[in-house]
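Each chain, letter by letter, is given below.
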Amino acid sequence: MNTLEMLHVVFELVVYPGLVFSATVGLVLTWVMRKSVAKLQSRIGPPIYQPFADVLKLLAKESIVPARAHKLMFNLAPIMSLAAVVVAILLIPIGTRSPPLGFMGDIIVLLYLLAIPTIGTVVGGSSSANPFGAVGASREMSLMVAYEIGMILSVLTLCLDAGSLRMVDLSHPYLLKYPLAAIVFLICTHAKLGLTPFDIPEAKTEIMAGPYTEYSGRNLAMFKLSRAILMFALSSLFVSLFIPGPFVGVYIVDVMIHLLKCAVIVIMLSVVVASNPRVRVDQAVKF
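Residues numbered from 1 in each chain as written. Predicted model: local features only at pLDDT ≥ 70, side-chain atom pairs only at ≥ 80, totals over all residues. Heavy atoms only, no water.

*Asks:* Help me understand the nonpolar core, please; the structure alone is not making it clear to me.
*Replies:* Soluble, globular proteins show a tendency: their nonpolar side chains are buried together. Counting residues in hydrophobic clusters, the biggest one holds 79 residues, and the most contacted among them are L110, F232, L241 and F242. It is helix α9 (residues 217–242) that contributes the most residues to this core, 17 residues altogether. (Core = buried A, V, L, I, M, F, W, Y, C linked by side-chain atoms within 4.5 Å. Buried < 20%, exposed > 50% of the residue type's maximum accessible area, 1.4 Å probe, protein only. Helix = DSSP H or I, 4+ residues; strand = E, 2+ residues; numbered from the N terminus.)

Right, dumping it as structure tokens:
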């Protein structure tokens, strides 16, 4: 690999469609959700810069590590979560171009990468030496066992139909052909993002912030960024799998259409968030 190719790879990983682009879009989608929920609940909601201000404020603060925490795992968990979702973005097609890291069987790797942020949350909560963190981590693991199976089966349904495990071969309008798979994917996305009614691991009114209780500063900022990018990754994956196109042939326009669809998916999730109470762990797993 020559210098130019290496610079191109670094650009894709750091700028587009990697960290900078995905973090920006993810934070905007976070604002779209918060604003939509606020409007549905007759509130004003935050300004568009609020998610960016929150993350920048945390990045400027010191990360405090509890004295009894397992320091290595406590600090590694947010880094692991953020790195996984950034790499996952590089496996999802945006617009008409193939994903930068696409290869035969990339859908399997993508599903693994999208599971790592949850594992990072469990590791962080378990290593924090905080009882609220341990309870939140336990709830997160219970939920993960339930929703990961549903999401994998939903995606494998499309893989069986296409006869391929490559993302670019799955870009067909599967929504009309497999509506049940689309519904299952959306429900699992809702749980994977920890949104109401599946916000059981965090449950602020019960266990403070769950696995994030002891996190602060840069470590908490990385967790918030990974959650925002995960929202973009999952909504983008849904668009690519179930409602791709129509493509006009101009890449920038195709990307804008893709992002607009992602925003619509987030607004749909917001309606569920605003209209449902939190469920118990056993209810969520049975559901």
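*Asks:* Hey, could you run me through the environment of I94 in this one?
*Replies:* Structurally, I94 can be placed in the loop between α4 (71–89) and α5 (106–126). Residue classification places I94 among the buried residues on the basis of a relative accessible area of 5%. Sequence separation between I94 and V239 is 145 residues; the distance between their C-alpha atoms is 9.2 Å. Excluding its chain neighbours within four sequence positions, the residues that come into contact with I94 are Y16, P17, F21, F232, S236, Y251, V255 and H258. (Contact = heavy atoms within 4.5 Å.)

*Asks:* Help me out: how do you make sense of α4 in this one?
*Replies:* It helps to recall that an α-helix has 3.6 residues per turn; residues three or four apart then point in one direction. If you check α4, its first and last C-alpha atoms are 29 Å apart, about what 19 residues at 1.5 Å a residue would give, namely 27 Å. Along α4, the residues classified as buried are F74, A77, P78, S81, L82, A84, V85, V86, A88 and I89. (Expected span 1.5 Å × (residues − 1).)

*Asks:* When you look at the environment of Y178 in this model, what are you seeing that I'm missing?
*Replies:* Within the secondary structure layout, Y178 lies in the loop between α6 (131–162) and α7 (179–192). Y178 gets classed as partly exposed once you look at its relative accessible area, which sits at 22%. Separated by 160 residues in the primary sequence, Y178 and G18 have C-alpha atoms spaced 30 Å apart. Setting aside residues no more than four positions away along its own chain, Y178 makes contact with T157, L158, D161 and F242. Polar side-chain contacts of Y178 include one of 2.7 Å to the side chain of D161. (Polar contact = N/O pair within 3.5 Å; in protein donor to acceptor, adjacent residues only side chain to side chain.)

*Asks:* Where do I start with the packing of aromatic side chains in this structure?
*Replies:* Aromatic ring pairs are reported here in terms of the distance separating the ring centres and the angle at which the planes meet. Scanning all chains against the criterion turns up 9 aromatic pairs. Geometrically, the ring pair formed by Y16 and F21 is edge-to-face, given 4.7 Å between the ring centres and 75° between the ring planes. Take Y16: its relative accessible area is 22%, and that puts it in the partly exposed class. A relative accessible area of 18% places F21 in the buried class. (Phe/Tyr/Trp six-rings, centres within 6.5 Å; stacked < 30°, edge-to-face > 60°.)

This is a description of form; function is not addressed.
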